[in-house]
Every structure is written in C-alpha cells, then in structure tokens.
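Breakdown of the fold
Chain by chain, the residues run as shown.
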Amino acid sequence: MQALRRGEWVLLAALAGEIALFALIAEQFLTLGNFFEVMRLSVELGLLAAAMTPIIITGGIDLSIGAMLGLSAVVFGAASRDWQLPAVAAAALALAVGGAGGALNALLIARVGIPPLIVTLGSLSLFRGLAEGLTQGAVNYSGYSPRFLQLGQGYQWGVVPAQLPLFVLVFAAYVVLLHQSAIGRQLYAIGFTAAGSRYAGVPVARRVGLLYFLSGLVASLAAIVYVAHLGQARADAGAGYELDAITAVVLGGASVFGGRGSLWGTLLGLFAITVLQNGLHLAALPSELVGLLTATLLVTTIAMGASASARRDAARATAGFGVLSLEDEVSLRNTHVAVICAAIVAGALIVSGTNVWLVRSLERTGGPAASAAARPAGGPIVVAMMPKAKGDPYFVSCRAGAEEAARELGVELIWDGPTSLDAAKQNELVENWITRKVNVIAVAVENRAAISSVLRKARERGIKVLTWDADAEANARDYFVNQATAEGIANTLTDEAARLLGGKGDFAIITGALSAANQNEWIAFIRKRLAARYPDLKLATIRPSDDDRDKAFAETQTILRVNPTVKLMMAISAPAVPGSAEAVRQAGRTDVKVIGLSLPNINKPYVHGGVVQTVVLWNTRDLGYLTIHAGALLANGQLGASATTLQAGRLGNIEVRASEIILGPPLMFTKANIDNFDF
Amino acid sequence: MNYRRELSVALAIVVLGVVLALARPAFFSAENLNDLFLANMAVLVCAVGATLVILVGEIDIAVGSTFAFCSVAAGVVATSGLPLPVAALTACVAGVVVGAVDGALVAFAGIPSIVVTLAAMIGVRDALRWATQGAWIENLPASFQWLGLTQGSYPMAMAALLLVLIVSATWLMSETAAGRAVYATGSNRRAATLVGLDPALVVFAVFAIAGLLAGLGALINAARFNQIPSNGGIGLEMKAIAAVVVGGTAISGGRGTMLGTVLGVVLLGAIGPALTFMGVSAYWERALHGAIILTAVAIDALRARRAVPTVTAARAAAVSA
Amino acid sequence: MTLLEARSLTKSFAGVRALKGASFDLRPGEVHALVGENGAGKSTLIKIMTGAETPDGGTLTVAGETVRRMDPHTARALGIAAIYQQPSLFPDLSVAENIALALDGASLWRRVDWGARRRAAEALLDRLGAHLDPNGAVDALSMPEQQIVEIAKALGARARIVIMDEPTASLSDREVSRLFEIVQRLRADGTGIIYISHRLDEIFTLADRVTVLRDGETLVTREREGLRRDELIHLMVGRELSAVYPKRAIEPGDVVLELRGLSSRASGLSDVSLSVRRGEILGVAGLVGSGRTELAETIFGLRPYDSGTILVRNRAVPIGSPADAIALGIGYLPEDRRQHGAILEMSVAANMTLANLRAVSPRGLVDAAAERREAARFVERLRIKTPSVATEVGLLSGGNQQKVALARWLAIEPSVLVLDEPTQGVDVGAKSEIHAIMGELAARGVGILMISSELPEVLGMSDRIAVMRGGRIVGQVERDAASPQEILSMALHS
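Definitions and limits used
Residues numbered from 1 in each chain as written. Chains lettered and ligands numbered in written order. Predicted model: local features only at pLDDT ≥ 70, side-chain atom pairs only at ≥ 80, totals over all residues. Buried ≥ 20, exposed ≤ 12 C-beta atoms within 10 Å, placed from the backbone. Helix = DSSP H or I, 4+ residues; strand = E, 2+ residues; numbered from the N terminus. Pairing = 2+ DSSP bridges. Contact = placed C-beta atoms within 7 Å. Domains from an automatic or database assignment. Axes fitted to C-alpha atoms, helices over the stretch in contact; angles between N-to-C directions.

The subject of this paragraph is helix H10 (residues 236-246) of chain B. The buried fraction of H10 of chain B amounts to 10 of the 11 residues, a majority that puts the element mostly inside the structure. Looking one or two residues beyond H10 of chain B, the residue adopting positive phi is Gly248 of chain B, at roughly 105°.

Okay, here's the thing in structure tokens:
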C-alpha cells in the first residue's frame, strides 16, 4: 500500500508538469472554468472506468459497458417520452435494465465460468443490438424537462458541474469497496489466483459476479448522466467508451492479468487522457492526434511496466535467497511511473512543437500571427468551424471552401470535429472553444437537442454562433447557414424520383447513419410529398447503411432480391450512392434507377455509366465559403439581426430569410454537368 | 480430438438452411449465394488470421483498422500507375507491417495483446483518417476491379483461392511442426520454451501472418468495387473473433480448428440476410449475433463442466511449471 | 571421464546471491544425489545445467567440453534432460504429441508423422509399464499420470544426464519402485542421474554419492556408502535435529469430525466413513489416486457429494462451499502448494488473514494495524523467516511459504485441520518444525486429518491410520498396531 501511494504521487507530479506545459501553449487552459469543464466531460467515462477497475483487477474485463450505457439511455428515453414516466421512475427502470444486463454477465462469467472477454463481447452485441432493435435504429429520444437537464448541464454552487458530486460519491464507494473493505482484499486475491482464492474460502463466483452486476448498474447511472448532459438518448450512445475506460485503467497501472491496479491510478490515468484531449483541443490541434497520442502513451507505459515486472518476477524466482526489500519494490514501480512522465512530457513537447509549426504556417497564409496568448482586440477574427464528422468527404469538401474564404479574409480558421458522428464529442469541443474564447463558432449539428444548450452558453459568453448544414434550436445560434431546407431537399428528391418512374412504381431508400436527424427529417418530408402529390409512388422500404459504402452495397443487393418490384434506389447518404449504384450495376439491373444525395467525384463513373441518373447536392465548397464569410461579418458586427441580404465574396448577394442564410437552390449533377465539378 | 463443436455449428447452419428453404427458397438462388459469398469472403480471410492469433493465446482487435489501411494502400499504389501485382503486394505488405509491429510489441516487449491491438486499432484508424482526410481513393484503373478478371469469374476465382487458403491452413496447422508450434505455444507457453520452441517468435510470426491475411482480405474486397473508401472495415474484428469463437476455438488458446472458423463465418454471415429475407426487421441482427455467441460459449462451458472433473490440480499443475 | 562438471558456479538475481560457489560432478553410471535445505541453491544449480539460467561466474563442462552458452536447446543437444516435480505439459495436446514435441528438434518446417509419434509414445510408455492412451488429451490425466509422461519424455530423449527433481513426490509406492527400476536401467546404460529429493530413504536406497549444498555453495560430496542418516541431516542443516517425529501422548477427546457413508460419483468416493477426535491425528495413507485429496476437498466444501453425512461436533451439517467449512471451524492445507497455498504476490499478513478477514475487519473494513499484529503473532509462533509481515510471500523459501499457508488456517482457530501432504517438498528443518506445530495443535485439542504419501511420516505422526484405496476406506489401524507392510498391502491389494 505504501509503495502504491508513493508511485501515484510521482504520477501526479508528472501530470502537474503536463498541465504546466499546456498552460503555456494552449489558450485558456489553466483556468478554473476549464478545469471544471474537463471534470464534467469526464464524469460518464469516469463512472465506467471506476466500475472497470475492480473488474480488471480480478483479471476480468467488461467490453459491454458502453453498449449497456446505450441500452439504458434508450430505455430511459423510451420510458420518459413514450410511456410518460416521471424522471425518477424512468431512471429506476434504466437502472433495472442495467442490473439485469450486469446480472447476465455475472451469471455467465461467474457461475457458468466462461471467460469474460468472450461473454462481454457477446453481451456487447446483445445490448447494442437490443438498443438498435428497440429504437429501430432511428428513434432519438429528446425533450426532457429542464430540471432533469440541470443534472447534466447545470452547476452546483455556481461553478462545480452538477454531475460531479455524483461521480465523487460513486468513486468513493468503489474506493471503500476495493481498497478498504475485506471484500476488496478478496478481489485482489482473486486477481492473483482465482483457484488459490477459492481454496482460501473466498466465494469467488459471488465476488466476481457482484462486480459485473455493479458494472451494469454503474453503466445505467452513467447513461442517465449522459442523457442529462446531452439532452438526447440514442442507440449508439456510449459507443467506444469501454475502450476509453480500459485505456484509463491500464494507463493507471492496472495489469490486465489481474491483481495489480488501483482506483487512484485509474483516476490519474483518466485525468491524463482527458487533460491531453482538452489541451490538444485548446491548442487547436486536430482531433486525430488525440487518438494517436493516447495510443502511443498507452503502449509506452505498458512496455516499461512490463519490463519492470519481468525483473520483479525474475527476482522472485530466486525463492529463498533473502528477500527483496521494500525499496526495490518501490523503485520498480517508480520506473514505471517515470516512463509515464517521460512519455507525457515528450507528448507535450511534440504538441508544443507542432503548435509552433502551425503558428508559423498560419503566418504564411496571411493575417497576423496567431499567438497562443489571449487575443488582442485588434487581432484577426478566429472562427472555429466544426463538421459532423471529419472523415466524411462531404465535409472535407466544405472545408476547402472554408479555407478559401479564410485566406481571402485573413480570418484564422480552426477546423476540428469528431472523427466520426458523435454528439458528445461535438459538445466537448464546443466547450473547449468557449474556454479558448474564439470569436465565432460554426457547427454542423449532429444532434439538435444536445448541442443547443452549449451553444447558448457560447452566446452568453459573447461568442457569435452559426450553425451550418444542420441546425440547432433557433435561440442557440445567431444564424443558420442553410444550403437548402429539409423540405426543399426532400421535394427535389421525390420529384426527381417521380419523374424517372413516370409517377408510379416502387422505390426504396437507403439512408445513412441509423439516427441521423437531418436524414430522418428528409424522410418525413418525402413521405409528406408522396402523400400530397404522388399517390401511385410507393416507398417500399428504408434500409440503413451506417454511412458505409459496403453496407449500402449489400443492402441494395438484398432489396433488389427481396423486393423485385423496386425500380428506383434513393440513397440519401454520400457514401451510400456509389455503394447502391455498384450493386445495381453488378446485378445488371438496367431497369433500376439510382438517385441520391452525394458528392460528384465518387459518382462520376456511375453517372457516366448511366447507372445513376441524378445526384442532388449543393455546392459544398460554397457552403463552407459562405459560412466563413457570414462568420466574419457577424464578428465584425456587420450582420445585424434584421438583415435580409449579405455580401459573400465571390458568391455575391446572398439571401437572408429571418435567421437563415440561404445558399441557393440545390444542384443536380447529371451526365451533362457533373464533369464541371471536382469535389 | 473430437469435433463435437464443429458438428453443432454445422447442425445450426443446417437448421437455418431448412427454415429458409421452407420459408424463403429464394435465399438459395445462385445470385444471392454468390453475393453472400462475396460479402463475407474478406471476413473469412481475416477470421483465419484471427484463429491463429486466438490459438496462440492472444487477441487482435486491430484487424478492422489494418484492413482499412491495406485497402487504402493498395488503392494509392494502383492509382499511381503501378501495375496490379504491385498494388496487390502493397496490400499484403502493409498488413504484414502492421501485424509485425503489433507482434513485436506483444512478443518482445511483453505488452498484453489486448492493449497493443487496442492502441493499434485507434492509432492506425486515426492516422489513416488524418492522412486521407476522409477522401476516397477514386479513379482506380479499370484493371483493378475484379483484379483483372470479370464480374462473373471473380467469385469462382476467389472461392478457389479461399479453398486453397483454408485447406493449406488446415494442413499446415496439423501436419507441420510450425503449425503444431502454434498449438503448443497457446497450450502452455512455459512448456513450449522448455521443449526448445521460441514462443516469442511464434507469437510474432502469428501476428505478422494475421496482418498479411488482413491485407489479402482487404485486397480481394477492394477489388469488388471501383473506389476505395478510407473508413472500411469498421467492426470487422468483432465479426472475425465472433466467428472464431462460435466455431469452437478456445479463447485461452491451444484448441480449435479452421473448419470451425469457416462454419462460424457461414453461420454468423447468414443470419443478417436470412432475417431480411424472412422479413424480420434487420435491426435485431446485432442482438441475434450476440445471443448466438453467448449461447455457443455457454453450451461449451456447461458441457465441459458436466464432464468428470478430474483432479483440477492436474490441469492447474500442468499449466504451471 | 566425467559426464558433467560444474565448478564454482555463481549466480545472483537482483542483488541476491543465489549461488556463491557451487561445484558438482557427475560420473557415468552413477546416481548422484543433490541435497540441501530449501533455499540452498539446488534449483538454481539445476537451472544452470539445463540452460534455463546463465551463471555469472564459474564453468560448466559437459563430456569434457566447456560449455560457453547454455540454453534449453543446447542442453537437449548435449543430452541433458530434466524431470521436475510439476509436469510441464501441453494440456490441450495429446500424450503422444507431448512426448514428440519434447523429442523433436526445434526445426519448424518438418512434416509431422503422426503414426511414428504414436508408436514412439507407445513404446516409451510400455517401458514404464504405464497404460495411457497416446491419443488422449493430457488435461484429462491425473497428476501422477502426467509425471509418467514427463519421464517418458526424458527416456525418449536418450539423455546421458538425467536430472530428477523430486520425481516421486506424487507417485505411489508401486510407481516409485518402477521408477527405481528405470533408474537402475539408465545407470546400467552409463547414464548419469542427478537425483534431488528430500526423502532421505530414497537417497539412501539409490544414491552412489551425495552432494550437500548449503547457502549457495557446495559443502561436501560424500560417498553414500558409510554415510549415516543423522550425519547427512546434520550436514544439510548444520545442527542436530532431535527426533524427527515428536513423541506425544495425547488423550483424544470427543469426536469432532465424522463422516458417514460419504459418496460421490464425480469424485470417485464410495461410502467413506471415518472419525477424528479432538487432539487426535488421523493419518490417511494410500496410493496417489486413491481419492484422499478428493476426500479432503469434499470435507472442505470444494467438491459436492451425492450421499452420506458430515457431522461436525456431532451435528450433521451441509458443507457446500469452503466458506461453510471455515464457518464450522474446518481448515484445509491443500496438496498443491503452488496453486492453492499461499498467494505468492500478496504479503505475509494478507495471506494469513485471507480465510478469516472478518476477525480483522470490524464493520467490513480491514483494520491494517490489527492485521499486522495478527500476522506478527503467527510469524513468531511458527518461526517464519521473513523481513516483515508486508513482504511478498513469493520471496520466501518454500518451507516458509508453507508455514504462512499453515498460519492462515491457524488463524481461523480451527477445530478440525485437514493437512494434505503438509511436508511435501519441504526441507528437513522446516519439516520437523511443521511436525512440532502439528503436535502442539493436537495437544490443544485440534483434530487433525493428515494425508501423507510418506509412510514414515504417517507411522510417526498418526494416532490412528486410515488406508484408502479406490475411493474407499479399506482399513483403519491404531498406530501401535500398524506396520508399514500391513499398510502398504492394504493400499495395494486389489
């Protein structure tokens, strides 16, 4: 015990060093506000990591914890919205589900004796699958009472995030369980040797089962916090969280073989990760670096830990030759810790180095140098622009336009966002930008309810807020840069489908991510249009593609087979159009038309090949361009609340309708014009 | 060694087949089976690699990221004008590189494989996203699709390739000392050292081979299309591992067959389309997958328990030393 | 010419000097016993000979050639084979494959000839008189059967130098005699055998020469001829050991543990009935595999039983788990010390309190200070050699580890103590200490059920002896009425 604490003090000192470095290079890093925001963002993950710690210490693992978060969130949402239960009852139900799932894991792992890796791999699929099944993939529960949302978005005593005391409570309970109670001692024994513990009278099955049961409960608790935090509950909530939790625990010194580790270590590991993420965001470095650095940190730490414990094992092998002193134990542990420190310092050096490089490159692209210090009043405008997902080619093309405008105007553009659709990460990033005190925040909203409160907060702090591509709530932003209304898009697609099918026949829709709000909105308008104008045009089925080309391909194949009367595929997600087209082409079904919402480049071969008739879109590059112009105008006070038009560089006069800035009519790419575009 | 598990899975497949034959015989049309095969052949190739990794007592959750990386690498080479064999080789080499790095960290640096492959999974995917900015590889030369063959002959060529792969893998695993070394290392690493094997080398080699197979899978899958997305392979590792486990390979290593893995891929790969054909909402597919995995391993465990527990000390003692 | 010669070998681990100057030589056709207390350096010396460790200093010469670098591969090539106490086998592979893997070279690109493997395995097993299925999986074998496979491996390797490290620890007397025959055969072939054992009887039966190691160096090498037992013990321990078995005269009290008709098909027990009185030591003798450990585990709640009754202090009680047994005051020191004894990565104190955490955990939270006091008490009482109660048990010698394990059961203040091979693999000094402790416990009124494969120990310690065979009790005798022959014949007769 003594050695443990000493080692962790050293880690804490290393973290202090990391913090000091970030304070130098990252905007607003070392403020109380930022500290607490970091805390808030870590609560859900922290809860999971706390529950994961004793499980890993007993030599187990729980991969299903993130999926259980999703399932509980969905159950909570359904209970609140569909069954109109009050928040407390809905929470109780969610906890019951968590307990049931945890009990299932406990039964299979502790009683039947199946290795935890496989059980939780299976239950991961089961829980996530149940969540998807229950919501049919599409439903997205939102609309909670403001009192409930206070739990996740409000503050206690002015500055402490409301969910933090809850986390502290759960963490403290686990500390007592693992580090102070007799049960905790038994858990460590189980981690070292389950068989040996059994022979010492430890009720192994009961203890291990308890941990998995608790893990399910804690995941549900985290789900409730998550829903309060984001204001929405979706089937994919918590996806990937289990891996982050495991990373935090292992980084904190726990061995995956069991017996070693502590909650304090986990806390420090969690802290190391979140501070790293936070610091990188504030230093305006790309999100991909987070993953890379975390991965490197993880590997480096464990590598050194592994060699230290190998030495320890070798020493132990000499049974009977006097004894290793306690100092040796401590020095082994300190080596492990020293390496974490070195890695963190190296990481921070890399970060500061890249920041310096970035600064210099920004100087080159025009505009006065962006220093890391607080922005002087006369400096360049900083616009922070966020896509829904950085990896999506659609948004990549928007970025090109944004960068063009930034260069033109001498605006500093920060472009960052989650690497894949993730409402929670969007929130986190906006929080960081608020801390960093940027001038304008422009977000392509993944989830309306979730993002609106944090955007409102930005406005309160004097930051101008724009939404683009997909909107938030009206009072959460100054303007919405709209490429086309949802209704307009839906109508264009439906009309085109009708035109190609001669007003009657069956068609199918391939949509994108299971619960994408704007896609669901389009579908709703499509149905309306069908009902109003095209009674003979039937929507046979809607299938998801998860924005995955291969999946769109497979789904289309299946549709062609199962619904042979379908004569048109309407794919409303950029990767889905070529996927669907390829399936139609390979099947040789020249009688089936394909249209959709997508980018020109990836569809050129199909348009030219006559497989895809029409691709509907808008000029994404212009959208990005316009957004930056609008942002600059807003920041300079040149775009008042009652404007009806604005000047946007090469786009000329742009219409402003109420609080929407309209880009223009949708573009239709056909064989005739598609080669004129390159994005 | 008995084949009870493989028989059970085969039985499950037969039952599923009978249900489909009665309810929706259209499932068995040549085109549908063809498409099913093409959609799952990459999973099968990666599952062969996963079998090796699990047999040796480790795990690899980075397969999906490796797959994406190799796809993109092949595409980049193909679009730069180099001939097709070079692109194909690139895919495989890229896979070997990732596998070798993972294998080195696991085997020589002693880091647990769950940690290494977790880091690789995140690191490779993020690096790939950064490098490609989400863009797809387009303008592939016409010879890339179908690897120069035709749409009609590709499936048969691939079926032949896969057959050769599986048969060789099975043969190598049971008839060569190298293959037996994998089983031995997975069964008892300490004992393996004592008989003169080098477990570190075996583990390293297994990861490198699994990487190679991921690259091969990436290649043959990429060739089905004329563009390569940069975010492929998501969830592939779970599919592969699930197939391996359902097919009877013990997660602790040392026990399992390639035949089991093939059967596992077939069963799990058929569930989704079967659901769709029967009109059941496919949103339950994942839940069903999970249920199958849990049932399979539960049956395994319950059956093992019912067998007479010979002195547990014996097994425990055998495993130690 | 000597087969093997080790001269002044030194080896340190993380600053601890395991060997300070060990020398040893082996002549062809001789059985050379290597003895010493636990911690004297025997296993390190062996590891150097088999290439599992490299020495820091000194030389190793095999067949006249100095060996530069020894590793397992080289050792095998030089004809050195080792048989350890714990079998080192592949549980998922077959017996034949296990044997074959040990014999094949390390080249990886060979085609495997399954037929030849099976035949080779059959031949070797025949030579040992064992009837094991070559195609059966090893994890289905019992411990002694696994040992036989180990020996077959060594046989097959046609080793010139065979190291046997406590090979008879889990063998029945019949199997031991068979082993001795093989040893003689090997000897006649000119093979040299290094024989490590704590069982002095075996040493005096088999060995030609005896080398004593103490504190990492060779003390002396003597011809066995003319060496006396007490002399040997004195050399090993450096002090006079009085009677190996403490003389006691105990008046046994009430029956504290009684088994009536205990049967379990899964464990192979049939109609076991016996009783243990307070203050009495009931020795349970029998061949390995006769069901003694299964019986012990059943009493302790680790194994379920189909029918019969267990009575503790004359009350019939269901014992469904170790926790139940402990609550009734039953403690169990398991046979497999490494797997089920003290937990090596935990401290002395933590190990001692593990079975009775409630005593040091008021309100469920562990009172560290109370735990330390408890542990210190036992360290003193059992004379455990450890720098502190916070030391990891894995750093102690085998005998001290066993004492820590014993302390765990003393901590529950048992009324019944089941000891399964309590002094197996323990050096002579610690052995007698453990026997003394057993005597003390009995004097205090604890009923002891002692399972032992060492007849002298059974005869020396027990007040009564029960003999098991095939899962049944085939005879019970009072100590005074017992003779080794009678017990052996009861254990053997079929």
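Looking now at the pairing of strand E19 (residues 464-469) of chain C. Residue and element names in this part refer to chain C. Counted residue by residue, E19 has 6 buried out of 6 residues, so it is predominantly covered. Of the two faces of E19, the one carrying Arg464, Ala466 and Met468 and the one carrying Ile465, Val467 and Arg469 are both buried. Pairing geometry for strand E13 (residues 281-286) and E19, over 5 bridges, is parallel. Bridge pairing links Gly286 to Met468 in E19.

Let us look at the interface of chain B and chain A. Chain B puts 62 residues into the contact, and the matching count from chain A is 61 residues. Only helix H2 (30-55), helix H5 (113-132), H10, helix H11 (258-277) and helix H12 (285-306) of chain B provide two or more residues apiece to the side of chain B that touches chain A. Broken down by element, the residue count for the side of chain B that touches chain A peaks at 14 residues, all from H12 of chain B.

Quick look at the domain arrangement of chain A now. Residue and element names in this part refer to chain A. When the domains of chain A are assigned, the result is domain 1 (1-26 + 252-315 + 324-364), domain 2 (43-238), domain 3 (382-484 + 638-649) and domain 4 (486-617). Each of domain 3 and domain 4 has a C-alpha centre, and these two points are 29 Å apart. Each partner contributes residues to the interface: domain 3 has 9 residues there, and domain 4 has 8 residues. Of the residues forming the side of domain 3 that touches domain 4, the biggest block, 3 residues, is contributed by helix H15 (residues 393-409).

As a further point, take the sheet that holds strand E12 (residues 269-277) of chain C. Residues and elements named next belong to chain C. A sheet is described by the order of its strands in space; here 4 strands give the open sequence E12-E11-E14-E15, paired in antiparallel fashion. If you trace the sheet from one side to the other, it starts and ends with E12 and strand E15 (315-316), each paired once. Where strand E11 (residues 255-264) and strand E14 (residues 307-312) come together, 5 bridges link them in antiparallel fashion. Along E14, the bridge assignment pairs Leu259 with Ile310.

What follows is about the sheet that holds strand E16 (residues 330-333) of chain C. Residue and element names in this part refer to chain C. Pairing is mixed in the open sheet, where 6 strands are placed in the order E16-E17-E18-E13-E19-E20. Of all strands in the sheet, those bounded by a partner on one side alone are E16 and strand E20 (472-478). Strand-to-strand twist across the sheet, computed as the mean angle between neighbouring axes with direction ignored, equals 20°. The sheet contact formed by E16 and strand E17 (residues 416-420) spans 4 bridges and is parallel.

Another point: the pairing of E13 of chain C. Residues and elements named next belong to chain C. Judged by how many residues are buried, E13 sits mostly within the fold: 6 of 6 residues are covered. Going residue by residue along E13, you find Ile281, Gly283 and Ala285 tucked away on one face and Leu282, Val284 and Gly286 tucked away on the opposite face as well. Pairing of E13 with strand E18 (residues 447-451) involves 4 bridges; the strand directions are parallel. Counted as the bridge partner of Leu282 is Leu449 from E18.

Burial analysis of helix H8 (residues 182-192) of chain A places 11 of its 11 residues in the buried class, which makes it a mostly covered element. Within the sequence span of H8 of chain A, burial applies to Ala182, Ile183, Gly184, Arg185, Gln186, Leu187, Tyr188, Ala189, Ile190, Gly191 and Phe192 of chain A.

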